[in-house]
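Secondary and tertiary structure notes
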Amino acid sequence: MQGRPQDPASHRRQRVSGKKTMKILVPVKRVVDYNIKVRPKADGTGVETAGLKMSMNPFDEIAVEEALRLREKGAATEVVAVSIGVQQAQDTLRTAMAMGADRAILVLTEESPEPLAVAKILKAIVERETPDLLILGKQAIDDDMNATGQMLAGLLGWPQGTFASKVELADGRAEVAREVDGGTEVVSIALPAIVTADLRLNEPRYASLPNIMKAKKKPLETLQASDLGVDTTRRLTVVSVAEPPARKAGVKVGSVEELVEKLRNEAKVI
Amino acid sequence: MSTREAMDFDVVVVGGGPAGLAAAIRLRQVAPDATVCLIEKGSEIGAHIVSGAVIEPRALEELLPDWRDLGSPLKTEVTGEEMYFLTESRGFKVPALEKVMPHIANHGNYVVSLGEVCRWLAEQAEALGVEIYPGFAASEVLIEQNRVVGVATGDMGVTREGEHGPNYAEGMELRGKYTLFAEGCRGSLTKQVMAHYDLRKGVDPQTYGLGIKEVWEIPAANHRPGLVLHSFGWPLDDHTYGGAWLYHFGENLVSYGFVTGLDYQNTWISPYDEMQRTKLHPVFKPHFEGGRRLIYGARALSEGGFQSIPRLTFPGGALIGDSAGFLNTPKIKGTHTAMKSGMLAAEAVADALKTEQVEPASFTSRVRGSWLYDELKTARNVRPAFSRWGTKLGALYSGFDAMVMRGKAPWTLRFRHADNETLTPASTSQPISYPKPDGKITFDKPSSVFLSNTNHEENQPVHLKLRNAALWKTVNWDVFRAPESRYCPAGVYEVGDEASDPRLVINAQNCVHCKTCDIKDPAQNIDWCTPEGGGGPNYPGGM
Ligand SMILES: Cc1cc2nc3c(=O)[nH]c(=O)nc-3n(C[C@H](O)[C@H](O)[C@H](O)COP(=O)(O)OP(=O)(O)OC[C@H]3O[C@@H](n4cnc5c(N)ncnc54)[C@H](O)[C@@H]3O)c2cc1C
Ligand code: SF4
């Protein structure tokens, strides 16, 4: 990451190295729960979400967990969760705080905005909060864009360690093991930086009942997207949403011979 | 002693169905300073609710008189009603329904998704200051000096072998001056409380039905909002109580389902297949054509009614709703009675809080003095008549009971057997051949369970426990040929190595929490315990 354009957080570089505080910001998205089978709306304009259970994006749970572990190890001092979306996204933030985040920020928008708008809003929040590290999920399981973290890194001009399966902080740098095709790549990036969490980074903790009760009293600040001066107009057009073609039923074979016979004569693959 | 975290409340409510939510709301209305905590094992309120559901707004009217202005999901009023007696190929419409079967007349009632109603009731409760925690199952009753002092939630993150996994989180004690059990039909803690205080002494055994339901979306041209259809007769034999329902409601939605009385005798009966094949009957089939199936689910309901209601209170609490068995069976309605029982219990508890009584005993006298009692008493002879004399004579009797006796017959028919005692051995039961699913209107079990969004954390102890593993082979297999593989609507029970060395396979992850196995297992050998909170079905809106 050389020759980076103006670094909006460069003024803070000093504080990062010589300081006592170390703040981690974790964006968490409210999505349809991973247990729910979704279906296209009857008119094909999108996915039916009315009346469905919503939860925190599973990769964001992993991101929260990682931030908490860094704080528990003494490598961080504060974990702030932020969500962008409708009023009910505050439930997602309460979950993050029940897991252990110290406080939360809700940026209200009419509906769930596109990754670029989310990244711009997050940039505005970064400028207010001046965190040292952001940990996002690698992707949200509703739209599967895998984009927000990378866009935000670009907008901020910060280094990024995506698809993280391991994160260590030391001396103002993050060492991130990345899950790449065929193995692991380890990168060392200077803070402040962006990390996106992959599945194997950790196994998130439960939000226990006592902690859910306590989380009700933790501070949750609500902002309007418009107050941050970010334009959230949609730029992408969804052409159509359709169910994947139904899979043909499988067959049980009785023997290896039968399997070979079927592969040769019915499937014609050998 | 336990080192678990604990929290004190005035009242703890176990279960977020209509009974628990109505009780919580009433409590904060009549005792605004009382602290009330409600827990629900579903991942959210409504996630485990299965109902028909045509509901009578009577109790709601009393609970929240301005419900119409509170954005309630009661939107489709009943507009038409038909009841059919089915033979294999024909349907005979019962004439003058309001006279012959006044107990089922639905004028002024609403067709709803009961799950949505519960979510809305939960919002009302939270606005009144009730603390609601979904995703936590009460797994243990706390009894100290013979008084119920609350419940504990289950530990999370315990492995299949019973060890503490990496994200183990200990359960928590929710301690209450009073605890209301609103677990619905066949509550797992209610069962323990009934046994501990011998609450069923002197009352008839409870009898149950299994309701299996689908929600469909059908073409707007065929949708007749507010249409309510019921059937009895085919495909069940004359000794089996039950029938189908089909309600049109909401935005092109149809609630369809089938109830099979769990006192059925023939071990080859598969309630799931009865439900599937009834859709192909000419009375029902046209309703499904061109539609798509959206949701699937199942739940047992208490059918014993009046004669089977146990003692309602004990030191430190009370049973409410379907946990106590307050369902009006001939009406197939338990929502208004569940709510009313919750409200009356709340009033009794509010009184007890003031006077520091140990047992909120005035609940029983409040029930006796209310319409709830009259309603259940009037209906009391219909269901047992069917158990005794079969469907045709039972139906005749119920017409006589309604028209001539007007529910005031000086006798009470008793239930003689618990549902686990009624099965006949495989060797003497008539085998039944069910049609294969066509994939358009009828479906197989796995594709159905898929539509219940059911999941349990995989690595946890199996929540369906055999009290004595050896009994399965000698009783369930040798005598009855594994009836659980047929009555379980989620395919949880399968027989492995059937030809050589039959053994029971339990796919606990698929369990939709209907409680049928806990009820119908012939030797009462299956104990349904609460799995990790949040597990089970995730029924969406519309269910
Ligand atoms: C198939 C079917 C059709 C029906 N049709 C109609 C109808 O058309 N009209 C009508 O009025 N009534 C109908 N009923 C009856 C009605 O649905 C019930 O009487 C009513 O739901 C009972 O309310 P409840 O609150 O007592 O129990 P439930 O509605 O069963 O709610 C109990 C709640 O407690 C939770 N719970 C249980 N155990 C625990 C625990 N240990 N810890 C935490 N939470 C727990 C459950 O998950 C559930 O959410 C029908 C019932 C069935 C099954
Ligand atoms: S295992 Fe028992 S409770 Fe679970 S779905 Fe099957 S019959 Fe119902």
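A brief report on the enclosed structure follows. In this text the structure is predicted, and so the values were computed from the model without any measurement.

1. Here's the deal with the pairing of strand β16 (residues 242-249) of chain B
Residue and element names in this part refer to chain B. For β16, the tally of buried residues reaches seven of eight residues, placing the bulk of the element in the interior. Taken together, the three bridges between strand β15 (residues 227-233) and β16 define a ladder with antiparallel strand orientation. Residue pairing in the sheet places V228 in a bridge with Y247 of β16. Summarising the sheet, β16 and strand β17 (residues 253-261) pair through eight bridges and their orientation is antiparallel.

2. A closer look at the pattern of salt bridges
Residue and element names in this part refer to chain B. Under the defined criterion, the tally for this structure stands at 48 salt bridges over all chains. One salt bridge in this structure joins E217 and R292, with 2.9 Å as the shortest N-O distance. Of this pair, E217 sits in strand β14 (residues 208-217) while R292 sits in strand β18 (residues 292-302), and the two are 75 residues apart along the sequence. What makes E217 buried here is its relative accessible area of 18%. Judged by relative accessible area, R292 falls into the partly exposed class, the value being 26%.

3. Re the sheet that holds strand β4 (residues 76-77) of chain B
Residues and elements named next belong to chain B. Here we have three strands laid out as an open sheet, ordered β3-β7-β4, and antiparallel in their pairing. In the strand order of this sheet, the two ends are held by β3 (54-55) and β4, each with one partner. Here β3 pairs with strand β7 (residues 110-111) via two bridges, running antiparallel. Residue pairing in the sheet places V54 in a bridge with V111 of β7.

4. Describing the layout of surface pockets
Within this model, the second largest pocket holds a volume of roughly 1200 Å³. Around the second largest pocket sit 34 residues that line it, and A:E243, A:A246, B:S447, B:F450 and B:L451 are the ones nearest its centre. Looking at the lining of the second largest pocket, the elements that each hand over two or more residues are β18 and α12 (445-450) of chain B. With four residues, the top contributor of residues to the lining of the second largest pocket is β18(B). A breakdown of the residues in the lining of the second largest pocket according to their chemical character gives 19 nonpolar, five polar and ten charged.

How each quantity is defined
Residues numbered from 1 in each chain as written. Chains lettered and ligands numbered in written order. Predicted model: local features only at pLDDT ≥ 70, side-chain atom pairs only at ≥ 80, totals over all residues. Heavy atoms only, no water. Buried < 20%, exposed > 50% of the residue type's maximum accessible area, 1.4 Å probe, protein only. Helix = DSSP H or I, 4+ residues; strand = E, 2+ residues; numbered from the N terminus. Pairing = 2+ DSSP bridges. Salt bridge = Lys/Arg side-chain N within 4 Å of Asp/Glu carboxyl O. 1 Å grid on protein atoms, 1.4 Å probe; cavity = no way out; pocket = protein on both sides within 12 Å on 5 of 7 lines; lining within 4 Å. Points joined across faces, edges and corners; volume = space filled by probe spheres on them. Nonpolar A, V, L, I, M, F, W, Y, C, P; charged D, E, K, R; others polar.

Geometry only, nothing functional implied.
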